[in-house]
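Structural characterization, general
Okay, here's what each chain looks like letter by letter:
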Amino acid sequence: MTGSHRDTDAEAAAPTEPDAIRRDIERTRAELGETVDALAHKADVPARAKEKIHDASTTAQAKASELSARAEDAAGRAIATTEARADQAGAAVRRRPLPAAAAAAAAAVLVTWRLVRRRNRKDRRS
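Every chain is numbered on its own, with residues counted from 1 as its sequence reads. Two thresholds apply to this predicted model, a pLDDT of at least 70 for residue-level local features and 80 or more for giving and counting side-chain atom pairs, whereas whole-chain, interface and lining totals are computed over all residues. Heavy atoms from the whole structure form the basis of all side-chain values; hydrogens and water molecules are not counted.

Bringing the overall build of the protein chain into the picture now. Every helix listed is a DSSP run of H or I at least four residues long, and every strand listed is a run of E at least two residues long, numbered separately from the N terminus. Within the protein chain, the regular secondary structure consists of 4 helices and 0 strands. For the protein chain, the α and β elements follow one another from N to C terminus as α-α-α-α. Looking at the 126 residues of the protein chain, the share that counts as buried comes to 1%. In this description, accessible areas are obtained by the Shrake-Rupley approach with a 1.4 Å probe, and a residue is regarded as covered only by the protein chains that are shown. Approximately 11,400 Å² of the protein chain is accessible, and the part contributed by carbon and sulfur atoms is 59%. Relative accessible area decides the class of each residue, using a 1.4 Å probe on protein chains only: under 20% of the type maximum gives buried, over 50% gives exposed, and in between gives partly exposed.

Attention shifts here to a positive patch on the surface. Here the term patch refers to residues with relative accessible area over 30% and no salt bridge, with like charges joined within 9 Å and nonpolar side chains (Val, Leu, Ile, Met, Phe, Trp, Tyr) within 5 Å. By salt bridge we mean one thing: a side-chain nitrogen of Lys or Arg within 4 Å of a carboxyl oxygen of Asp or Glu. The convention is simple: Lys and Arg are positive, Asp and Glu are negative, and His and the chain ends are not counted. Every charge is mapped onto a representative atom, which is NZ of Lys, CZ of Arg, CG of Asp or CD of Glu. Together, Arg114, Arg117, Arg118, Arg119, Arg121, Lys122, Arg124 and Arg125 line one region of the surface with positive charge. The exposure class assigned to Arg119 is exposed, which follows from its relative accessible area of 56%.

Attention shifts here to the pattern of salt bridges. For the coordinates displayed, the defined rule picks out 5 salt bridges. The partner of Asp24 in a salt bridge is Arg27, and the shortest N-O contact between them spans 2.4 Å. Here Arg27 and Asp24 lie together in helix α2 (residues 18-43), a separation of 3 residues that amounts to about one turn. By relative accessible area, which is 25% here, Asp24 ends up partly exposed.

The next thing to look at is the packing of α2 against helix α3 (residues 45-95). A fitted line through C-alpha atoms serves as each axis, taken over the contacting stretch for helices, and the angle formed by two N-to-C directions is quoted from 0 to 180°. Taken N-terminus to C-terminus, the directions of α2 and α3 make an angle of 75 degrees; their axes are 5 Å apart at the nearest point. Here α3 runs roughly perpendicular to α2, going by the angle between their axes. On α3, the residues touching His41, Lys42 and Ala43 of α2 are Val45, Arg48 and Glu51. Among the residues forming the contact of α2 with α3, the class breakdown is 2 nonpolar, 1 polar and 3 charged. Working definition: roughly parallel below 35 degrees, roughly antiparallel above 145 degrees, roughly perpendicular at 65 to 115 degrees, and oblique for all remaining angles. Only heavy atoms matter for contacts: two residues are in contact if any of them lie within 4.5 Å across the pair. Note that Gly is not counted as nonpolar here; it falls among the polar residues with everything else outside the nonpolar set of Ala, Val, Leu, Ile, Met, Phe, Trp, Tyr, Cys and Pro and the charged set of Asp, Glu, Lys and Arg.

Right, let's get into the confidence of the model for the protein chain. Low pLDDT means the predicted atomic positions in that stretch should not be read closely. Confidence scores here are pLDDT values: one per residue, from the predictor, ranging 0 to 100. Mean pLDDT for the protein chain: 87, with 87% of residues reaching 70 or above. Element-level pLDDT for the protein chain is lowest in helix α1 (residues 2-13), with a mean of 53, against a maximum mean of 93 in α3.

Put into structure tokens, the structure is as follows:
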């Protein structure tokens, strides 16, 4: 009973004019073609894998470009900051050269002391 009831509903919903039937057939063919294409695409695993690889590669290249641009920007800022601080230090030394000379002398004494100490340790081991 249920099957015959469905047949009656399908017949009632189906178009009866030849042009309407042709349009319905064409629409059904188009939908079927889209469905077949979608299934073929899903079944083509190598092509889908290549697409994913291409997408991942494109994303990675975009990220790399972005990171490179950020690094260049940060390097430019660091250089500018370093140059500004070097200019300030140079100006401070020109204004008051004695503290800078004393600091340089202290650094030279420290380096000399370390070298002598290292040499003495090597001589004791030999």
